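Now for the letters of each chain:
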Amino acid sequence: MKLRIATYNIHKGVSAFGRKARIHDLKEAIKLLDADLVFLQEVQGQHDHHAKKHANWPEQAQHEFLAGDSHLSAYGMNAVYEHGHHGNALLSRLPILQASNHDVSDHAYEQRGILHVQIQLDDVQAHCFVIHLGLFAASRRRQIQALIQQIQTHVPHNQPLIIAGDFNDWSQRLSHTLYKELGVIEAFDIANHKQNEVPSMALKRDALSSVKTLFQAKSKHARTFPAGLPWLSLDRVYLRGFQVEQAHVLSGKPWSQLSDHVPIAVDLKLNRLQLHHG
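Residues numbered from 1 in each chain as written. Predicted model: local features only at pLDDT ≥ 70, side-chain atom pairs only at ≥ 80, totals over all residues. Heavy atoms only, no water.

> If you had to explain the side chain of Q159 to someone new, which residues and values would you point to?
Along the chain, Q159 falls in the loop between α4 (137-154) and β8 (161-166). Side-chain polar atoms of Q159 contact the side chain of H127, separated by 2.5 Å. Not counting chain neighbours up to four residues away, the residues in contact with Q159 comprise Q125, H127 and L275. (Helix = DSSP H or I, 4+ residues; strand = E, 2+ residues; numbered from the N terminus. Polar contact = N/O pair within 3.5 Å; in protein donor to acceptor, adjacent residues only side chain to side chain. Contact = heavy atoms within 4.5 Å.)

> Break down the nonpolar core for me, with residues and values.
Counting residues in each nonpolar core, the largest one holds 31 residues, and the members touching the most others are I5, I162 and L239. Dropping the residues within four chain positions of it, L239 is found in contact with I5, L161, I162, V184, I185, A187, V244 and L268. Residues V14, L33, V43 and L91 belong to the second largest nonpolar core, which totals 24 residues. (Core = buried A, V, L, I, M, F, W, Y, C linked by side-chain atoms within 4.5 Å. Buried < 20%, exposed > 50% of the residue type's maximum accessible area, 1.4 Å probe, protein only.)

> Help me get a handle on the sheet that holds strand β3 (residues 72-81), residues and values and all.
Reading across the sheet, the six strands line up as β3-β4-β2-β1-β12-β11 and stay open at both edges, with mixed pairing between neighbours. Since the sheet does not close on itself, it has two edges, and those belong to β3 and β11 (242-249), each with one partner. The average angle at which neighbouring strand axes cross in this sheet is 25°, direction not considered. Along the sheet, helix α1 (residues 23-33) makes contact with β1 (2-9) and β2 (37-47), crossing β1 at roughly 150°. (Pairing = 2+ DSSP bridges. Axes fitted to C-alpha atoms, helices over the stretch in contact; angles between N-to-C directions.)

> Which residues make up the environment of H47, and what values go with them?
Residue placement: H47 occurs in strand β2. If sequence neighbours within four positions are ignored, H47 has contacts with W57, Y81, H83 and G84. From its side chain, H47 meets the backbone nitrogen of H50 in a polar contact 3.0 Å long.

> An account of the packing of α4 against helix α5 (residues 175-182) is requested, with residue identities and associated values reported.
It is the contact of α4 with α5, at a shortest axis distance of 11 Å, that shows an interaxial angle of 20°. As far as their axial angle goes, α5 and α4 are roughly parallel. The element α4 and its partner α5 pack so that their crossing is right-handed. In this structure, α4 uses I144, Q145, L147, I148, I151 and Q152 to contact α5, whose residues at the interface are T177, L178, E181 and L182. (Parallel < 35°, antiparallel > 145°, perpendicular 65-115°, else oblique. Left-handed = near helix turned anticlockwise from the far one by under 90°.)

> Run through the sheet that holds strand β9 (residues 185-186), naming residues and quoting values.
Pairing in this open sheet of six strands is mixed, and the strands run β5-β6-β7-β8-β10-β9 from one edge to the other. Looking at which strands have only one partner, the edges of the open sheet turn out to be β5 (96-103) and β9. Inspection of the sheet shows β9 paired to strand β10 (residues 235-240) by two bridges, in the antiparallel sense. Considered in β10, the bridge of I185 is made with L239. Relative to β10, α5 is tilted by about 15°, and along the sheet it contacts β8, β9 and β10.

> An account of the packing of aromatic side chains is needed here, citing residue identities and associated values.
Evaluation of the coordinates by the stated rule reveals three aromatic pairs. Summarising the aromatic geometry, the rings of Y8 and W255 are spaced 5.7 Å apart at their centres and angled 75° between planes, so their arrangement reads as edge-to-face. Of this pair, Y8 sits in strand β1 while W255 sits in the loop between β11 and β12 (264-270); the two residues are 247 residues apart in sequence, bridging distant segments of the chain. For the pair shown, Y8 and W255 are each scored as buried. Between Y179 and Y238 the ring centres are 6.3 Å apart and the planes differ by 70°, which places this aromatic pair in the edge-to-face class. (Phe/Tyr/Trp six-rings, centres within 6.5 Å; stacked < 30°, edge-to-face > 60°.)

> Account for the pairing of β12, with residues named and values stated.
Among the seven residues in β12, six count as buried, and that is most of the element. Note that β1 and β12 share six bridges and pair antiparallel. The residue bridging K2 from the neighbouring strand is K269, located in β12. Two elements, β11 and β12, share seven bridges in a ladder whose sense is antiparallel. Residue pairing in the sheet places Q243 in a bridge with K269 of β12.

Functional significance is not addressed by these values, which are geometric in nature.
Pasting the structure below:
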């Protein structure tokens, strides 16, 4: 089974300091992605000030508005304030079986959560984790450990796994931990290797061994921030049980004008043999 996924930090659907509403343009742009699963960060479930300030501000929560008639949605509320709240969301063309949000806030100044959504993918259940980690390195390390513990406890090795979102990991120090503990790959690690090398690494019986080999080849994560001239690698897609066919950064217009991040889109194929041997 083939699948297209995307991850995107939408900056709450507004321009810098909330001067202009971008949410309607974002909806049209997200349609262009034609993605089966869209992992979203900084999604506003409610914002009374923006609703009063901007004409035609959607009456629905942003995740419901962006989902429209084509997708289902799940939302994890993280940051709560007097005039509303925001968090992570997943838009899905596939049936959503279950969704839960886990608070991983590390201090009072940043409210962070991990949204775990189980979807029906062909005849198997797939586990999707929508991530937006903290701005401080120590916070990110603790949040990654919380993610690892959650996955090791609740995700069977024979079920597909997707972890995607804004990792705020500009120093690129978190991948090694995820590779080692979860046996995942990052979409652009595969995309940067020669096509004829991919199957041999993806189908090894020892998944952790192949991941270690992959990491030693120097990871080159996608540059997604700032949107006008992306040079920091903040947004990631980590996978287990899939083969990556294509991975793209959507830079330039309209993406450079919609948020402070640009999105990533990845075409995947379910790898049943890897799941069987995992």
